[in-house]
Amino acid sequence: MAWTRLFRRGRLRRRRRSDERPYESQRGPKIHVGEIYGFVGAITWSVFAVLYFAWAYLPDETLHEWGIHFLPDKYWALALPVFISVTVVAIYWVYEGLSMYYSQPIHSVGSFQDEYSRFERDLTWEQRKTPGLLWDIDLREGIPWLDK
């Protein structure tokens, strides 16, 4: 009888869906997907590093005792990191070479001025009177040998 009275008065009523808290507040702070990928990536990288160093440093007899029979030659334990590091350095050199190839020569005016340069001769009288307005200095006025 006491239970029915409490139920009738609404003390034991079930909460409506709109009253329930959101999922993340019930389970704690929400975890970003990038954190999960980072954690799984770090664990995977660690496992592969341990396997690589075990393969590189342990003798073949020990690996055969553990039941690992199909392995690449130990030559690749040293050759693969060297190939990867040389490739990274070569990519850096190619990038630097392409940057120098596509840049203006050092004596060219194009390395100092472009289509967005604003000179004093291009400003109107009202713009020149504006306090704090900045403009570029024409290099041909300051350095006469650039015209040659």
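Residues numbered from 1 in each chain as written. Predicted model: local features only at pLDDT ≥ 70, side-chain atom pairs only at ≥ 80, totals over all residues. Heavy atoms only, no water.

**Things to note about the overall build of the protein**
And step 1. Broken down by element type, the protein carries seven helices and zero strands.
And step 2. Taking all contacts inside the protein whose residues are at least 6 apart in sequence as the whole, residues at least 24 apart take part in 20%.
And step 3. Accessible area of the protein: about 14100 Å², with a carbon and sulfur share of 64%. (Helix = DSSP H or I, 4+ residues; strand = E, 2+ residues; numbered from the N terminus. Contact = heavy atoms within 4.5 Å. Areas by Shrake-Rupley, 256 points an atom, 1.4 Å probe, with all protein chains shown as cover.)

**Here we look at the packing of aromatic side chains**
And step 1. With the rule as written, the count across this model stands at six aromatic pairs.
And step 2. Residues F53 and Y57 carry aromatic rings whose centres are separated by 6.1 Å and whose planes lie at 15° to one another, so their mutual orientation is stacked. With F53 and Y57 both in helix α3 (residues 33–57) and four residues apart, the pair spans about one turn of that helix.
And step 3. Taking 5.1 Å as the distance between ring centres and 75° as the angle between the ring planes, the aromatic pair formed by Y75 and W76 counts as edge-to-face.
And step 4. Take W76: its relative accessible area is 39%, and that puts it in the partly exposed class.
And step 5. An aromatic cluster is defined as three or more aromatic residues linked by ring pairs; in this entry it consists of Y52, F53, W55 and Y57. (Phe/Tyr/Trp six-rings, centres within 6.5 Å; stacked < 30°, edge-to-face > 60°. Buried < 20%, exposed > 50% of the residue type's maximum accessible area, 1.4 Å probe, protein only.)

**Concerning the environment of S111**
And step 1. Positionally, S111 belongs in the loop between α5 (75–102) and α6 (125–129).
And step 2. Setting aside anything within four residues of it in sequence, one finds S111 in contact with Q104, P105 and I106.

**Some thoughts on the pattern of salt bridges**
And step 1. Enumeration over the complete set of coordinates arrives at one salt bridge.
And step 2. A salt bridge links K74 to D60, with the shortest nitrogen-to-oxygen separation between them at 3.9 Å. Pair noted here: K74 is in the loop between α4 (60–65) and α5 and D60 is in helix α4, with a separation of 14 residues, a long-range link.
And step 3. Of the residues examined, D60 reaches a relative accessible area of 37% and is grouped as partly exposed. (Salt bridge = Lys/Arg side-chain N within 4 Å of Asp/Glu carboxyl O.)

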